[in-house]
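Structure at a glance
The primary structure of each chain is shown beneath.
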Amino acid sequence: MTSPASQPGAPVPVEATFDVVNDPSSIDAVQNRIIEAIERFEYPKASVFAMRLSLHEAIANAFRHGHAGLPATMPIKVSCLIGQDKVVMAVEDQGPGFDPASVPDPTLEENLERGSGRGLLLIKAYMASASYNAKGNRLEMVYRRP
Amino acid sequence: MPAGDSRIRVKRVDGVSQVEFVDRNILDEGNIQIIGQELAAIINAESGPRLLISFGGVEHLSSAALGTLITVNNQVRARAGQLRLANIDPQIYEVFVITRLNKLFQIHASTDEAMKSFTA
């Protein structure tokens, strides 16, 4: 992880990018490194919960949907910029991309018993913003300190 | 499956299978799949299964785990059984609220309360 210049007296922001393959230990290692860095900024427990869950869901979606049919050894890119007031996390896969508007709303009565489709809903609920690039293969999530 | 690989603990109390999770974080998709298989085995072992899943000690729960709980709910219903959830941490309960799954499941504050809610 690298540390861009920061204001005197403020904790030094942390910036990092990781290549992650579809292996539980690889995924856990990166998630834990990012969450540990976030915890050093003393975000509230509920904030850490929200960011851990969102990061997990974004990575799971990237492999489950973005890399469907692609080799498990093909990495996704996970990046973060952690500061005192906000955390930016991005997950980019190498798949063809998708249209997030095509995901059915899992909170509708007729979709309540669907087995999937809740990851993005949770991310949007917990993050200040969550947006895909035009291709639909990179999700950027922004969390702001409450 | 070897006993050491089990991701749940089960005890039988008054005709109810009380289930607890081994892990604090129910995130790993492989473990979630094992949990689904273990719960299916309990449900399929009897007609009208009564299942109480306790989330005591669980700190994180993914959407994939929610998907497995929905499958479990359908399996229990298909066998004319009853499913109750209990002891859910407030942060995790919020996940159920966001997804509106608190409307689908019967969720109780404690094991005692959940046990009292089963009908004969």
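Below you will find a few notes about this structure.

Parameters and conventions
- Residues numbered from 1 in each chain as written.
- Chains lettered and ligands numbered in written order.
- Predicted model: local features only at pLDDT ≥ 70, side-chain atom pairs only at ≥ 80, totals over all residues.
- Heavy atoms only, no water.
- Helix = DSSP H or I, 4+ residues; strand = E, 2+ residues; numbered from the N terminus.
- Buried < 20%, exposed > 50% of the residue type's maximum accessible area, 1.4 Å probe, protein only.
- Contact = heavy atoms within 4.5 Å.
- Buried area = accessible area lost by both parts, 1.4 Å probe.
- Salt bridge = Lys/Arg side-chain N within 4 Å of Asp/Glu carboxyl O.
- Phe/Tyr/Trp six-rings, centres within 6.5 Å; stacked < 30°, edge-to-face > 60°.

**Brief notes about the side chain of His60(B)**
Among the structural elements, His60(B) can be located in strand β5 (residues 60-61). Its relative accessible area of 9% is what places His60(B) among the buried residues. His60(B) has contacts with Phe49(A), Arg52(A), Arg24(B), Asn25(B), Ile26(B), Leu27(B) and Ile92(B), leaving out every residue within four places of it along the chain.

**Structural notes on the environment of Leu81(A)**
Here Leu81(A) lies in strand β2 (residues 76-82). In the structure, Leu81(A) is positioned 65 residues away from Ala16(A) in sequence and 6.7 Å away in space, judged by C-alpha atoms.

**Side note on the interface of chain B and chain A**
Between chain B and chain A, the residue contacts involve 23 residues of the former and 24 residues of the latter. When the two sides are added together, the surface that chain B and chain A hide from each other amounts to roughly 2000 Å², 58% of it contributed by carbon and sulfur. Applying the counting rule to chain B against chain A returns 3 salt bridges. Elements supplying a minimum of two residues to the side of chain B that touches chain A: β5, α2 (63-78) and α3 (90-98) of chain B. A per-element tally of the side of chain B that touches chain A places α2(B) first, with 7 residues.

**Describing the environment of Ala80(B)**
The topology assignment puts Ala80(B) in the loop between α2 and β6 (82-86). Sequence separation between Ala80(B) and Asn31(B) is 49 residues; the distance between their C-alpha atoms is 27 Å.

**Observations regarding the packing of aromatic side chains**
Taken as a whole and judged by the stated rule, the model has 6 aromatic pairs over all chains. With a centroid separation of 5.0 Å and an interplanar angle of 85°, the aromatic rings of Phe98(A) and Tyr132(A) are classed as edge-to-face. In this pair, Phe98(A) is assigned in the loop between β3 (86-92) and α3 (119-126) and Tyr132(A) in strand β4 (residues 129-132), connecting sequence segments 34 residues apart. Each residue in the set Phe21(B), Phe55(B), Phe96(B) and Phe105(B) is aromatic and connected to the rest through ring pairs, giving one cluster.

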